[in-house]
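# Architecture and fold: a report
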Amino acid sequence: MPSRFYHEAVETKDRDALDAIIDERLKYTVAYAYEHSPFYRSWFDRNRIDPAGVKTHEDLLSLPIVSGRTIRANQPPETGDFLFRSVGWEEVFTVHETSGTSGPPKAFFLTWQDWERYAEKYARAFVSQGFGRGDRVVICTTYGKNVGANTMTLAARGIGMTVIPEGTCRSPDRVMARYHPTAIVGSVFKLLTLARTLSRAGIQPTGSGVSRLVAGGEPFASESRAYLEEIWGCPVHNTYGSTEGTMCGECDRHLGLHVPEDLVHLDIYDPSLRSFVPDGECGRIVLSTLIGEGERCGTLLLNYDTEDSSTVISRERCPCGRTHLRIMNPTRDAESVQAGGAYFNRVDVERGVFQRENMEYLTGEYESFLYSCGRKDEAVLQVSMEVLDPATTDREGIRDRFIRGFLGKNPFLGKAHDGGSLTFAFRFAEPGSLEISRSEGRPRRLVDRRG
Ligand SMILES: [Zn+2]
């Protein structure tokens, strides 16, 4: 029976004790920022804030918010040096570049201690999902500049798992037959593709010996998770991570993602980024690094706007025994659009696609484009879905189920659709004919093409 916790004393601390750790670490982190980060030193001075006055995590509300734009504005060529770097070069272990939705990549510096903290976050997530010594885990996310795959690999060391670092994993049948992995980590679409490739090679995913999957890298709809669980015949656990250090993991109870609160502090802000929203309300995730007394940090962030949104589900103890707060699966604000007086996200489109009966005809691959039509406030959402067999596809049924799933319980979307300001067009595409299959990098599945 594997251990239920990776770091039990911390993961099960009562709220008061946990808050005390957070505040103590925040005080040290703020002092460290003032001393070692050229950006934060001038930020505190410029805003006339005394770093010693930041005593509790609520005090973060009185500090300004920084963003990806701030990082870009404080690195070459905009400035002579990387002003967010908070250690000397001799202490930098690795350098990463994170691609945003706009602008040049942001430079990110990690010390070895940063790697250890990141790995601990993933190790806690893995153990909370039932991983333990003897597990053999295929990691199908890209290594290289992305820290996720590498930190998961490092996390495996502390757990006693074997990692099979596959990256793109073009021959899952060989990997299965040779190494009998017990788990796979990948994006939802990677895990779907792997299942299809295995089936074509005569290996049923349900009989492959894989007993759990970890999905990460991008937000997904609960419908796509449910479908993956069905075709693999095992649970799919969720993770949320970024080079900036979010790294939250869902435990096997699937009651939200646990935030490792002693290692990273997340606040949820209203859209104007002026105040916190109450628990249970959706808002923008703002991150602050937390480091302990005497620790070092390569790129430290205080009040960093992640441009992702989520909701605090609970700060109460989870049935798994962990006390660290739980948040809903975050969505990317860059994947949200406004049309016909309503907002929707790429994940809403995915919900429409992955309606269970649709999956009798679809591969799951989709892309969507928003076009303007007629009057200025009228938009058409064109959804292209890859079909298994164009000859037998139930087009009418897919259309109806898509619209029902997409509109869901959102009254604003329903009104926009009923009033004609948001209409739909569908394209049923042969395998390999979607635009995303020809594009490089992270596929954009919702593209706003309204001039
Ligand atoms: Zn839990």
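Not measured: the values here are computed from a predicted model.

### A look at the overall build of the protein
The helix and strand tally for the protein stands at 12 helices and 20 strands. On C-alpha atoms alone, the protein measures out to a radius of gyration of 23 Å, which is about the 22 Å that the 2.2 N^0.38 rule sets for 451 residues. Reported as C-alpha extents along the three principal axes, the dimensions of the protein are approximately 70 × 60 × 45 Å. Counted over contacts in the protein with a minimum sequence separation of 6, partners at least 24 positions apart contribute 67%. Entry remark: accessible area of the protein is about 19,800 Å², with carbon and sulfur atoms responsible for 49%. Separation between the mean location of the 55 positive side-chain charges and that of the 62 negative ones in the protein comes to 3 Å.

### Description of the coordination of the zinc ion
Each pair of donors in an ideal octahedron of six around a metal sits at 90 or 180 degrees, and each pair in an ideal tetrahedron of four sits at 109.5 degrees. Each protein donor to the zinc ion is listed here as Cys251 (SG), His258 (NE2), Cys318 (SG) and Cys320 (SG); together their distances run 2.2 to 2.3 Å. The coordination sphere of the zinc ion comprises four donor atoms, whose angles at the metal cover 101 to 114°; the geometry is tetrahedral. For the zinc ion, the single-chain donor residues occur in sequence as C-x6-H-x59-C-x1-C. Taken as a pair, Cys318 and Cys320 share a single burial class, namely buried.

### Details of the side chain of Thr299
Structurally, Thr299 is set in the loop between strand 11 (282–289) and strand 12 (304–314). Among the residues examined, Thr299 registers a relative accessible area of 5% and is labelled buried. A distance of 2.8 Å separates a polar atom in the side chain of Thr299 from the backbone nitrogen of Phe109. The residues touching Thr299, leaving out its near neighbours within four places in the chain, are Phe84, Ser86, Phe108, Phe109 and Thr289.

### Quick word on the sheet that holds strand 19 (residues 422–429)
An order of 19-18-17-20 is seen for the four strands of this open sheet, with the pairing classed as mixed. At either end of the open sheet lies a strand with only one pairing partner, and these are strand 19 and strand 20 (446–448). The mean angle between the axes of side-by-side strands here comes to 15°, regardless of whether they run parallel or antiparallel. Here strand 17 (residues 362–372) pairs with strand 20 via three bridges, running parallel. Bridge pairing in strand 20 places Ser368 opposite Leu446. Contacts from helix 10 (residues 346–353) reach strand 17, strand 18 (379–387) and strand 20 within the one sheet, and its direction differs from that of strand 17 by about 130°.

### A few points about the pattern of salt bridges
Tallying each qualifying case throughout the model produces 30 salt bridges. A salt bridge links Arg322 to Glu11, with the nearest nitrogen and oxygen atoms 2.9 Å apart. Taken together, the residues span a long stretch of sequence, with Arg322 in the loop between strand 12 and strand 13 (326–327) and Glu11 in helix 1 (residues 8–11) at a distance of 311 residues. Summarising the burial analysis for this pair, Arg322 and Glu11 share the class buried. With a shortest N-O distance of 3.2 Å, Glu360 and Arg356 are connected by a salt bridge. Within this structure, Arg332, Glu335, Arg346 and Glu350 form a network of salt bridges that share partners.

### Side note on the packing of aromatic side chains
Applying the stated rule across the entire model yields 24 aromatic pairs. Here the aromatic rings of Phe126 and Phe131 are separated by 4.9 Å at their centres, their planes lie at 65°, and the arrangement is edge-to-face. Phe131 carries the same exposure label as Phe126, and that label is buried. On the numbers, 6.4 Å between centres and 40° between planes, the contact of Phe369 with Tyr371 is tilted.

### Details of the packing of helix 8 (residues 188–200) against helix 9 (residues 222–232)
It is the contact of helix 8 with helix 9, at a shortest axis distance of 11 Å, that shows an interaxial angle of 30°. Considering the angle they form, helix 8 stands roughly parallel to helix 9. Classified by chirality, the crossing of helix 9 by helix 8 is left-handed. Along the contact surface, helix 8 presents Val188, Leu191, Leu192, Leu194, Ala195 and Leu198, while helix 9 presents Ser224, Tyr227, Leu228, Ile231 and Trp232.

### A closer look at the side chain of Glu261
Tracing the chain through its elements places Glu261 in the loop between strand 9 (257–258) and strand 10 (264–269). According to the relative accessible area criterion, Glu261 is buried, its value standing at 5%. A polar side-chain atom of Glu261 sits 2.8 Å from a polar atom in the side chain of Arg15. Ignoring sequence-local partners within four residues, the contact set of Glu261 consists of Arg15, Leu18, Ile22, Leu290, Thr323, His324 and Leu325.

### What to know about the nonpolar core
Core analysis: the largest hydrophobic core is formed by 66 residues, its most contacted members being Tyr40, Phe126 and Leu302. Residues within four places of Phe126 in sequence aside, it is in contact with Phe131, Met152, Ala155, Ile159, Met161, Val185 and Val214. Core analysis: the second largest hydrophobic core is formed by 50 residues, Leu192, Phe220, Trp232 and Leu446 among them.

### So, the environment of Asp173
Of note, Asp173 is situated in helix 7 (residues 172–179). With 46 residues separating them in the primary sequence, Asp173 and Val127 have C-alpha atoms 27 Å apart. Non-local contacts of Asp173, meaning those with residues more than four positions away in its chain, are made with Leu198, Ala201 and Ile203.

### Examining the environment of Asp23
In this fold, Asp23 is placed in helix 2 (residues 15–36). Along the primary structure Asp23 and Glu360 are separated by 337 residues, whereas in three dimensions their C-alpha atoms are 52 Å apart. Not counting residues up to four positions away in its chain, the partners in contact with Asp23 are Lys55, Thr56 and His57.

Conventions we followed
- Residues numbered from 1 in each chain as written.
- Predicted model: local features only at pLDDT ≥ 70, side-chain atom pairs only at ≥ 80, totals over all residues.
- Heavy atoms only, no water.
- Helix = DSSP H or I, 4+ residues; strand = E, 2+ residues; numbered from the N terminus.
- Rg over C-alpha atoms; globule rule 2.2 N^0.38 Å.
- Contact = heavy atoms within 4.5 Å.
- Areas by Shrake-Rupley, 256 points an atom, 1.4 Å probe, with all protein chains shown as cover.
- Lys, Arg positive; Asp, Glu negative; His and termini not counted.
- Charge placed at Lys NZ, Arg CZ, Asp CG, Glu CD.
- Donors = N, O, S within 2.8 Å, 3.2 Å for Na, K, Ca; no water.
- Tetrahedral: all angles 85-135°; square planar, octahedral: opposite > 155°, others 65-115°.
- Buried < 20%, exposed > 50% of the residue type's maximum accessible area, 1.4 Å probe, protein only.
- Polar contact = N/O pair within 3.5 Å; in protein donor to acceptor, adjacent residues only side chain to side chain.
- Pairing = 2+ DSSP bridges.
- Axes fitted to C-alpha atoms, helices over the stretch in contact; angles between N-to-C directions.
- Salt bridge = Lys/Arg side-chain N within 4 Å of Asp/Glu carboxyl O.
- Phe/Tyr/Trp six-rings, centres within 6.5 Å; stacked < 30°, edge-to-face > 60°.
- Parallel < 35°, antiparallel > 145°, perpendicular 65-115°, else oblique.
- Left-handed = near helix turned anticlockwise from the far one by under 90°.
- Core = buried A, V, L, I, M, F, W, Y, C linked by side-chain atoms within 4.5 Å.

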